[in-house]
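# Fold and contact review
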Amino acid sequence: MPVKIKPEEKAKYVEEYLAGAISQHEICRITGVVLASVQSWICRYKTEGSTAFLPASANRKYSSELKEKVVIDYLAGNGSLLMLCEKYKIRSATQIRRWIKVYNRHEDFKRRGGHHNMTKIRKTTQEERVKIAEECLAVDRNYGEIAEKYQVSYQQVYGWTNKFAELGIAGVEDRRGRRTSKQEPRTEEEKLKVKIAQLERENYLLKMERDFLKKLEALERRRD
């Protein structure tokens, strides 16, 4: 049965923790709650102050833009749920988890029932995936912008771009039913394909670096 702690007690324990008088594990031992709950109290207190644990007079509203921004930040690895709660002043990690589910179902944050208005995962050719990955790298990995431009999902762009940066064209092949890229090649033909893909990736990255240096030189000449 869940342990119920009064709001004022939660605030007192968090304040003692922030003052260095008690550890998170000591709070767990005294109250009988799990560590994740204590960490959630601390995050909420940092976000809302001493009134964090009082009953809310009304449900807090978050814009659809903020919800999507938080989810994309999380999927990109830019912080844990608790860190993002503190950063964006979100009341609890549970809310972000709900938003992630909505996002992964490609539903619309603007509608409570959420019918899909967000971009669905769609089938693509290898040529499309290469083009999308190259363009995403060229705009400093702005996954959201590229996903919207090509009407594919954020997850697709994120995966293709990072695989392309690591493995070249081989990274964006449709490998369903094939051996994974992490397995060692078994034949000379497979070894050759991997080597070619690696060389193509290296050539592409060198080309990007040259293009960047040319643009930088042009900008410096204009300033002179």
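For the structure given in this document, a descriptive report is provided here. Small disclaimer: the values here were computed from a predicted structure and weren't measured.

### Thoughts on the packing of aromatic side chains
This structure, assessed with the given rule, holds 1 aromatic pair. Taking the centre distance of 5.3 Å and the plane angle of 70° together, the rings of Tyr 62 and Trp 99 count as edge-to-face. A residue pair is termed long-range when its members are at least 10 positions apart, and Tyr 62 in the loop between α3 (35-48) and α4 (64-75) and Trp 99 in helix α6 (residues 93-104) qualify at 37 residues. Across the pair, exposure class does not vary: Tyr 62 and Trp 99 are buried alike.

### Focus on the nonpolar core
Formed by 32 residues in total, the largest nonpolar core has its most connected members in Val 70, Ile 90, Ile 96, Trp 99, Ile 132 and Val 157. Among the secondary structure elements, those contributing two or more residues to this core are α4, α5 (81-88), α6, α7 (126-138), α8 (143-150) and α9 (154-167). Leaving out residues up to four positions away in the same chain, Val 70 has contacts with Leu 84, Tyr 88, Ile 96 and Trp 99. Residues Ile 5, Ala 11, Cys 28 and Phe 53 belong to the second largest nonpolar core, which totals 14 residues.

### Quick notes on the pattern of salt bridges
If the charged atoms of two oppositely charged side chains come close together, the side chains can form a pair. What the rule picks out here adds up to 3 salt bridges. A salt bridge links Lys 12 to Glu 16; the shortest N-O distance between them is 3.7 Å. Of this pair, Lys 12 and Glu 16 both sit in helix α1 (residues 7-18), separated by 4 residues, roughly a single helical turn. The salt bridge involving Asp 73 is made with Lys 87; its shortest N-O contact spans 3.1 Å. Of this pair, Asp 73 sits in helix α4 while Lys 87 sits in helix α5, and the two are 14 residues apart along the sequence.

### Brief notes about the packing of α7 against α9
The contact between α7 and α9 brings their axes to 9 Å, and the two run at 85°. Here α7 is positioned roughly perpendicular relative to α9, judged by the angle of their axes. Seen from α7, the contacting residues are Arg 129, Val 130, Ile 132, Ala 133, Glu 134, Cys 136 and Leu 137; seen from α9, they are Val 157, Trp 160, Thr 161, Phe 164 and Ala 165.

Rules used throughout
Residues numbered from 1 in each chain as written. Predicted model: local features only at pLDDT ≥ 70, side-chain atom pairs only at ≥ 80, totals over all residues. Heavy atoms only, no water. Phe/Tyr/Trp six-rings, centres within 6.5 Å; stacked < 30°, edge-to-face > 60°. Helix = DSSP H or I, 4+ residues; strand = E, 2+ residues; numbered from the N terminus. Buried < 20%, exposed > 50% of the residue type's maximum accessible area, 1.4 Å probe, protein only. Core = buried A, V, L, I, M, F, W, Y, C linked by side-chain atoms within 4.5 Å. Contact = heavy atoms within 4.5 Å. Salt bridge = Lys/Arg side-chain N within 4 Å of Asp/Glu carboxyl O. Axes fitted to C-alpha atoms, helices over the stretch in contact; angles between N-to-C directions. Parallel < 35°, antiparallel > 145°, perpendicular 65-115°, else oblique.

Everything listed is a geometric property; what it means functionally is a separate question.
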